[in-house]
Amino acid sequence: LGTLSLLLLFVGPALSMQRIAQERESGSWQVLRSDPVGALTLVGAKFLVVFLFYSLLAALVAATALGFIASRGGSYDMGRQASAFLAHLLLAGWHLSLGICASAHARTTLGAFMASFVMALGFILLGGAGDEAAHGWVGLVAVDPHLSSFRLGILRLQDLLYFLTAMALGLGLAARAVTVEVLRV
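Criteria and cut-off values
- Residues numbered from 1 in each chain as written.
- Predicted model: local features only at pLDDT ≥ 70, side-chain atom pairs only at ≥ 80, totals over all residues.
- Heavy atoms only, no water.
- Helix = DSSP H or I, 4+ residues; strand = E, 2+ residues; numbered from the N terminus.
- Buried < 20%, exposed > 50% of the residue type's maximum accessible area, 1.4 Å probe, protein only.
- Contact = heavy atoms within 4.5 Å.
- Areas by Shrake-Rupley, 256 points an atom, 1.4 Å probe, with all protein chains shown as cover.
- Axes fitted to C-alpha atoms, helices over the stretch in contact; angles between N-to-C directions.
- Parallel < 35°, antiparallel > 145°, perpendicular 65-115°, else oblique.
- Salt bridge = Lys/Arg side-chain N within 4 Å of Asp/Glu carboxyl O.
- Phe/Tyr/Trp six-rings, centres within 6.5 Å; stacked < 30°, edge-to-face > 60°.
- Left-handed = near helix turned anticlockwise from the far one by under 90°.
- Nonpolar A, V, L, I, M, F, W, Y, C, P; charged D, E, K, R; others polar.

Participant: With reference to specific residues and values, describe the overall build of the chain.
Facilitator: On a plain count of helices and strands, the chain comes out with 9 helices and 0 strands. Secondary structure elements of the chain, listed N to C terminal, follow the sequence α-α-α-α-α-α-α-α-α. The buried share among the 185 residues of the chain stands at 40%. Pairs at least 24 residues apart make up 72% of the contacts formed inside the chain by residues separated by at least 6 positions. Just so you have it, the chain exposes about 9900 Å², and 71% of that area is on carbon and sulfur atoms.

Here's what the structure looks like:
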């Protein structure tokens, strides 16, 4: 999953940077802000669209890869593959929620990309702080310790809660930024 983290470090911000920041740049943000839709609904819908798009692409790639392995007579542990795919989706959701949060706070799409990239890189680098740090506060906030069980095909509740909480926090902060901006006008 190290390569996956690196790939999503670029793909996550690229897909999510436009969600709100581009609306501001194009001028359509004023129209969206005037709708009677709540900030959390708006942010949640933008997240859901980009997450479903990404999930569909990931499922197609995974199905193709597994089909290729099976056609060559290879074998694979379906439980570990399912665990790895779930980790992939959770990590993607984490990256996308960071990107939407950055997009809600940034004025430009480039600013959103850079902010999302730097935040995600920071959390990923925390995981490289060493095994002894994984047992302290670093292990609670770093991404890598929460991916290690998925590598073994093990689903731990604390790891699922980590990713779901991180996604909720990112989307909640994005909704808060949208609410504050609407109230300023």
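Participant: Break down the packing of helix H5 (residues 78-105) against helix H8 (residues 144-151) for me, citing the residues and quoting the values.
Facilitator: Direction vectors running N to C along H5 and H8 enclose 155 degrees, while the axes themselves pass 8 Å from each other. Accordingly, the angle class assigned to the pair H5 and H8 is roughly antiparallel. Listed contacts from H8 to Arg 80, Ser 83, Ala 84, Leu 86, Ala 87, Leu 90 and Leu 91 of H5 are Leu 147, Phe 150 and Arg 151.

Participant: So what's going on with the pattern of salt bridges? Residues and values would help.
Facilitator: On inspection of all chains with the given rule, the structure shows 2 salt bridges. With its nearest N and O atoms 2.8 Å apart, the salt bridge here joins Asp 159 to Arg 156. Judged by relative accessible area, which is 31%, Arg 156 ranks as partly exposed.

Participant: Please give an account of the packing of aromatic side chains that cites residues and values.
Facilitator: Using the criterion set out here, one finds 5 aromatic pairs in the structure. An angle of 15 degrees between the planes, with centres 5.5 Å apart, marks the rings of Phe 47 and Phe 51 as stacked. Of this pair, Phe 47 and Phe 51 both sit in helix H4 (residues 39-71), 4 residues apart, which is roughly one turn of the helix. We classify Phe 47 as buried; its relative accessible area is 10%. With a relative accessible area of 18%, Phe 51 lands in the buried category. Each ring, one from Trp 94 and one from Phe 123, has its centre 5.7 Å from the other, and the planes form 85 degrees; the classification is edge-to-face. With Trp 94 in helix H5 and Phe 123 in helix H6 (residues 109-127), this pair connects stretches of sequence that are 29 residues apart. We classify Phe 123 as partly exposed; its relative accessible area is 28%. Members of the aromatic cluster, each reached through a chain of ring pairs, are Phe 10, Phe 113 and Phe 117.

Participant: Tell me what's going on with the packing of H4 against H5, and back it up with residues and numbers.
Facilitator: Helix packing geometry: the angle between the two helix axes and the distance between the axes. Here H4 crosses H5 at 150 degrees, and the two axes come no closer than 10 Å. With respect to each other, H4 and H5 are oriented roughly antiparallel. Between H4 and H5 the crossing geometry is right-handed. When H4 is examined against H5, the residues Val 43, Lys 46, Phe 47, Val 50, Phe 51, Tyr 54, Ser 55, Ala 58, Ala 59, Ala 62 and Leu 66 are found in contact with a partner set consisting of Gln 81, Phe 85, His 88, Leu 89, Ala 92, Gly 93, Leu 96, Ser 97 and Ile 100. A class-by-class count of the residues in the contact of H4 with H5 yields 14 nonpolar, 5 polar and 1 charged.

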